[in-house]
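A closer look at the structure
Here is what each chain is made of, one letter per residue.
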Amino acid sequence: MFLKGDKVIYSFNPQMKEEYRVKSGDVFTVETHDCFYQQFLKEDFGLEDLDMERVNPATGPIFVEGAEVGDILKVEILDIEVADRGVAAILPGMGFLADTNTEETIEVIPVEDGYAKLLGFDIKVKPMIGVIGVAPKEGDIPTDTPGAHGGNLDTKDIMAGSTLYFPVAKEGALLALGDCHGLMGDGELGVTGLEIAAHVKLKVDVIKDKQLDWPLLETKEDVMLLVSDSDIQGALELGYGETRKLIERSIGCSWNEAGILSSLAVDARISQLVNPFITVRFPISKKILPVDRILEKL
Ligand code: CA
Ligand code: ZN
């Protein structure tokens, strides 16, 4: 099943109407756009030409049959195939150290045989999804913003081989995704990754009657909550608190024991520092905390 990227959203809200429909257990491929809707790939295109109304499109909403409020939507990322060129930029007044970014630099970057060509270097691409989420319980959350519903999480571990678990707040879950990156470092310091169109192959499954407060991400080795807040201190405190609660509940240890385990075996990592909310993650080895054990205790 191929979902062509002609239907996109620019905000996640409970009122969004389904544009695509799949069943729990389906495998399908989604065509996604880069965060600028490929505008910078046009000849002689400058920042002044950019249509801001078309920034951060997410393909969807995708209604998943069987997903009801109070369930979890499991999304396995089977493959991310990126286009043969993308774009990265420093934009005035944006990014980390925004004050030093006074003029724009926009680089169209070719990708050949899995390597991005930049400043004379060949850098192996590590494709990831920037924006992926479901309908929130309430509100109207622009696709540039991350939150409990997912959205602009810009977390480099959202890659092929990883699995996301989202809280379902609306019938059908209403999944949408876009903003893939060929490459991005933790922090996304400049404000963009290697922004690139892609074909993303997914498998979705509904897990009945399990509630999550934040998206959970499972990688090959680790499991982590993706937590976002308005500033970095807040995001780190909230993320650490939620992670410690998860350990406490899943393992059945005390709050302080969960604190000791975190202190010894959990890293505090920054996903991105440049979106309207900051996203952090605290990976825990699946040898300590298998996903089955987390789900069992939810
Ligand atoms: Ca992004
Ligand atoms: Zn992006």
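For the structure itself, consult the block above.
None of these values were measured; they are calculated from a predicted model. (Residues numbered from 1 in each chain as written. Chains lettered and ligands numbered in written order. Predicted model: local features only at pLDDT ≥ 70, side-chain atom pairs only at ≥ 80, totals over all residues. Heavy atoms only, no water.)

Section: helix H2 (residues 255-265)
Here H2 has its buried residues at Ala258, Gly259 and Ser262. Angularly, the buried residues of H2 cover 105° about the axis, an arc narrow enough to put them on a single face. Within H2, the exposed residues directed more than 90 degrees away from the buried face are Asn256, Ile260 and Leu264. (Buried < 20%, exposed > 50% of the residue type's maximum accessible area, 1.4 Å probe, protein only. Helix = DSSP H or I, 4+ residues; strand = E, 2+ residues; numbered from the N terminus. Arc of directions from axis to C-beta.)

Notes on the pairing of strand E22 (residues 278-281)
Of the two faces of E22, the one holding Ile278 and Val280 and the one holding Thr279 and Arg281 are both buried throughout. Alignment of strand E20 (residues 222-229) against E22, held across four bridges, turns out to be antiparallel. Paired with leucine 226 across the strands is arginine 281, a residue of E22. The sheet contact formed by strand E21 (residues 269-272) and E22 spans three bridges and is antiparallel. Paired with arginine 269 across the bridge in E22 is arginine 281. (Pairing = 2+ DSSP bridges.)

Looking at the coordination of the zinc ion (ligand 2)
At this site the zinc ion (ligand 2) is bound by Asp179 (OD), His181 (NE2), Glu195 (OE) and Glu195 (OE), with donor distances of 1.8 to 2.5 Å. Around the zinc ion (ligand 2), the four donor atoms sit at angles spanning 56 to 141°, and that spread fits a shape best called irregular. All donors of the zinc ion (ligand 2) come from a single chain, and their spacing in sequence reads D-x1-H-x13-E. (Donors = N, O, S within 2.8 Å, 3.2 Å for Na, K, Ca; no water. Tetrahedral: all angles 85-135°; square planar, octahedral: opposite > 155°, others 65-115°.)

Describing the sheet that holds strand E11 (residues 121-124)
Overall, antiparallel pairing links the four strands, which are arranged E8-E9-E10-E11 in an open sheet. The sheet is open, and its two borders are formed by strand E8 (85-90) and E11, each paired with just one other strand. For this sheet, the mean inter-axis angle between neighbouring strands, taken without regard to orientation, is 30°. (Axes fitted to C-alpha atoms, helices over the stretch in contact; angles between N-to-C directions.)

Focus on the pattern of salt bridges
Enumeration according to the criterion identifies 13 salt bridges in this entry. Of the charged contacts, one joins lysine 208 and glutamate 68 as a salt bridge, the two residues approaching to 2.8 Å between their closest N and O atoms. With lysine 208 in the loop between strand E18 (198-207) and strand E19 (216-218) and glutamate 68 in the loop between strand E6 (58-65) and strand E7 (72-82), this residue pair connects regions lying 140 residues apart in the sequence. Residues joined by salt bridges that share partners form a network here, namely Glu18, Arg21 and Glu65. (Salt bridge = Lys/Arg side-chain N within 4 Å of Asp/Glu carboxyl O.)

Observations regarding the coordination of the calcium ion (ligand 1)
Here the calcium ion (ligand 1) is held by the protein donor atoms Asn152 (OD1), Asp154 (OD), Asp154 (OD) and Asp179 (OD), which lie 2.2 to 2.5 Å from it. Positions of the donor residues of the calcium ion (ligand 1) along the chain correspond to the pattern N-x1-D-x24-D. The metal-metal distance between the calcium ion (ligand 1) and the zinc ion (ligand 2) is 3.2 Å, with aspartate 179 coordinating both. Residue asparagine 152 is found in strand E15 (residues 150-152), and its partner aspartate 179 is found in strand E17 (residues 175-181); the two are separated by 27 residues along the sequence. Under the relative-accessibility criterion, asparagine 152 is labelled buried at 3%.

Honestly, that's just the spatial picture; any functional story needs more than this.
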